[in-house]
Amino acid sequence: MNHLQMTFSLDNEKTLLCRLPNPRADITGEQVRRVMQAMIEDNVLRVGTARPRGIKGVELISIEKKEL
């Protein structure tokens, strides 16, 4: 299973981590950053009174589950 992990820096000096399961296989970092920037500009996300002010990172995380 894959997860797209998007990390935003907040205006209160903390970070916000958003994970989306099963992203498209052909997604690019540039596409994700454009969407993240639009989310920041449109004030889509809030954590209490804090708002995202920038993009801290984008990662594609692969998780392999193996039954023992």
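For the structure, see preceding data.
Residues numbered from 1 in each chain as written. Predicted model: local features only at pLDDT ≥ 70, side-chain atom pairs only at ≥ 80, totals over all residues. Heavy atoms only, no water.

A. Representation of the pattern of salt bridges. If you walk through the whole model with that rule in mind, you get three salt bridges. Here R24 ties to D26 by a salt bridge, and the two come within 2.8 Å at their closest N and O atoms. Its salt-bridge partner being E30, residue R34 comes within 3.1 Å of it at the nearest N-O pair. Taken together, the residues span about one helical turn, with R34 and E30 both in helix α1 (residues 29-41) at a distance of four residues. Owing to a relative accessible area of 55%, E30 belongs among the exposed residues under this scheme. (Salt bridge = Lys/Arg side-chain N within 4 Å of Asp/Glu carboxyl O. Helix = DSSP H or I, 4+ residues; strand = E, 2+ residues; numbered from the N terminus. Buried < 20%, exposed > 50% of the residue type's maximum accessible area, 1.4 Å probe, protein only.)

B. Structural detail: the nonpolar core. With 13 residues, the main nonpolar core has M6, F8, L16, C18, V32, M36 and L45 as its most contacted residues. Contributions of two or more residues to this core are made by β1 (2-10), β2 (15-21) and α1. With sequence-adjacent residues up to four places away left out, M36 is seen in contact with M6, T7, F8, I55, G57 and V58. (Core = buried A, V, L, I, M, F, W, Y, C linked by side-chain atoms within 4.5 Å. Contact = heavy atoms within 4.5 Å.)

C. Examining the side chain of Q5 more closely. Mapped onto the elements, Q5 comes out in strand β1. You can call Q5 buried: its relative accessible area is 9%. In this structure Q5 touches L17, C18, R19, G57, V58, E59 and I61, once residues within four positions along its chain are discounted.

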